Amino acid sequence: MRYIKMGLRNVLIILTCWLWLNPSTSQAQNIRLLTLNQLESRLAAGKDTTFIVNFWATWCVPCVAELPDFEKLQATYSGNKLKVLLVSLDFKSKVNSTVIPFIKKQHLRNEVYVLNETNQQEYIDRVDKSWSGALPATLMVNTTRNLRQFFEREFTYPELEQTYLSLK
Amino acid sequence: MKWYLITCFIALAAFAKAQGGYKVGDAVADFSLKNVDNKTVAMADYPAAKGFIVIFTCNTCPVAQAYESRIIALHNKYAPKGYPVIAINPNDPNTQPGDSFSEMQKRAKTKGYSFAYLEDTGNQVADRFGATRTPHVYIISKEDGKSVIQYIGAIDNDTENANPDKITYAEQAVDALLNGKKPAITFTKAVGCSIKRSRG
């Protein structure tokens, strides 16, 4: 009996380590729903952190194409006070069937959220008045410096990096 | 300084794009584009129409696909009342091969489009309208010989087509016009695919 218990414990330890070390699994567990109020609180609490909030969807081809650039920007400037947040506008009914498998496959390291809002007439304007709703779209915010810039466009990596650096 | 100027230019370009195009109340210049049957279509080809439901849409965008059956239903309901749908695909096939003219022809045939589905080469008409996404709706009525924009925005507020209490913006706008009134809601926003503009 004792051996069985020890065996079970070892299996549990190995399983826990595997879950811990396997980034795709831990990332997938991190996907959360996010309201705009929650997003704004997060941006305000970050004070002198520059947030780059990319609005994307698994169904948006140019969004998917530029996701690695946002990953690269965060990796390159991890020593700076930069935080990239990836906010998906996928249908909420597709989170389990599409978004989580996608994040696993892409090995996304940035924080990924699914926007938890339903009224497009309200939330699109709240993100930015100039946003028509087209994806991709990116918001750059630094609360301490009272900086808030919005871009309804795609970025290449050099464009994204230049835009981030020019915020300074 | 150089980066500053480049950034300013990008910001200005983005601003100009967002602000450009027609507004509600503007008169629209006619366009002439190739339909999937290889014939050219213009608004002037519909002398009996009271107006138009112009929809920038495409083959490939999942939001446009989600709305496809509703676009077909809009045409079936309102074309007999004088408001036909004119669908315009503004995507550059070099960027989005699934939106080429031959793919448009296939989709129109398979899905049984009974409305015009036009190729907007170089997205010139989309630029003139200021369309930014697919699907993007412009409802136009004829007033004193002019084609005037009465509504710009979404088809309804329920992309997933799951809410029986959805607000059918486009239908409500056309119903108001058919009753000789102005639409109560003239502008809405919606999440959609950015138009794949030609880089040529």
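In this text the structure is predicted, and so the values were computed from the model without any measurement. (Residues numbered from 1 in each chain as written. Chains lettered and ligands numbered in written order. Predicted model: local features only at pLDDT ≥ 70, side-chain atom pairs only at ≥ 80, totals over all residues.)

## Observations regarding the overall build of chain B
Formally: Secondary structure elements are defined from DSSP: runs of H or I of at least 4 residues count as helices, runs of E of at least 2 residues count as strands, and each element is numbered from the N terminus. We take the radius of gyration over the C-alpha atoms and set the globule estimate at 2.2 Å times the residue count to the 0.38 power. Exposed residues have 12 or fewer other C-beta atoms within 10 Å of their own C-beta, buried residues have 20 or more, and partly exposed residues fall in between, where C-beta atoms are placed from the backbone. Contact between two residues is assigned whenever their backbone-derived C-beta positions fall within 7 Å.
Scanning chain B for helices and strands turns up five helices and nine strands. Across chain B, helices and strands are ordered from the amino to the carboxyl terminus as α-β-β-β-α-β-α-β-α-β-β-β-α-β. A compact globule built from 200 residues should have a C-alpha radius of gyration of about 16 Å, and chain B, at 17 Å, falls within 12% of that. Oriented by its inertia axes, the alpha-carbon framework of chain B measures out at about 60 × 40 × 35 Å. Sorting the 200 residues of chain B into buried and exposed places 39% on the buried side. In chain B, once contacts between residues fewer than 6 apart in sequence are set aside, the share between residues at least 24 apart is 72%.

## Regarding the sheet that holds strand S3 (residues 82-88) of chain A
Residues and elements named next belong to chain A. Inclusion rule: Criterion used throughout: strands pair if DSSP finds at least two bridges between them. Axis lines are fitted through C-alpha atoms, for helices just across the contact stretch, and the angle between N-to-C directions can take any value from 0 to 180 degrees.
An order of S1-S4-S3-S2-S6-S7 is seen for the six strands of this open sheet, with the pairing classed as mixed. The outermost strands of the open sheet, each flanked by one partner alone, are strand S1 (32-34) and strand S7 (147-151). Here the average twist between neighbouring strands, direction ignored, is 25 degrees. Here S3 runs beside strand S4 (residues 111-115); their pairing, made up of four bridges, is parallel. The residue of S4 that forms the bridge with Val87 is Tyr113.

## Things to note about the interface of chain B and chain A
What counts is decided by this rule: Note on residue categories: nonpolar means Ala, Val, Leu, Ile, Met, Phe, Trp, Tyr, Cys or Pro, charged means Asp, Glu, Lys or Arg, and polar means any other residue, Gly included.
Of the residues lining the interface, 19 residues belong to chain B; the matching set on chain A comes to 22 residues. Every element with two or more residues in the side of chain B that touches chain A is listed here: helix H1 (2-19) and strand S9 (192-194) of chain B. With seven residues, the top contributor of residues to the side of chain B that touches chain A is H1(B). In terms of residue class, the side of chain B that touches chain A is built from 10 nonpolar, six polar and three charged.

## Side note on the nonpolar core
Here is a general trend for soluble globular proteins: nonpolar side chains tend to be buried in one another's company. For the record, the criterion: Structurally, a nonpolar core is described as a collection of buried Ala, Val, Leu, Ile, Met, Phe, Trp, Tyr and Cys residues joined by way of C-beta atoms within 7 Å.
If you look at the biggest cluster of nonpolar residues, it comprises 93 residues, and the most contacted ones within it are Leu135(A), Ile53(B), Ile86(B), Ala87(B), Tyr117(B), Ile139(B) and Ala170(B). If you tally residues by element for this core, the top one is helix H2 (residues 62-78) of chain B, at six residues. In this structure, Ala170(B) is in contact with Ile53(B), Leu74(B), Val137(B), Ile139(B), Ile155(B) and Asp156(B), ignoring residues within four places of it in sequence.

## Things to note about the environment of Ile155(B)
Residue and element names in this part refer to chain B. Following the sequence through the fold, Ile155 ends up in the loop between strand S8 (146-153) and helix H5 (169-178). Residue Ile155 is classed as buried on the basis of its 25 C-beta neighbours within 10 Å. Taking C-alpha positions, Ile155 is 14 Å from Pro84, a pair spaced 71 residues apart along the chain.

## Focus: the confidence of the model for chain B
Caution applies to low-pLDDT regions: their predicted coordinates should not be interpreted in detail. Quick reminder of the rule: In predicted models, pLDDT denotes the confidence assigned by the predictor to each residue on a 0 to 100 scale.
Of the residues in chain B, 90% reach a pLDDT of 70 or more, and the chain-wide mean stands at 92. Between residues 8-19 of chain B, whose pLDDT stays under 50, and residues either more than four places distant or in other chains, the model counts seven contacts.

## Things to note about the confidence of the model for chain A
All names here are of chain A. Residues of chain A with pLDDT of at least 70 account for 82%, and the chain-wide mean is 87. Confidence, read as mean pLDDT per element, is least for helix H2 (residues 23-30) in chain A (45) and greatest for strand S2 (residues 50-56) (98). For residues 15-29, every residue scores under 50 in pLDDT, and the model assigns this stretch 11 contacts once sequence neighbours within four places are set aside.

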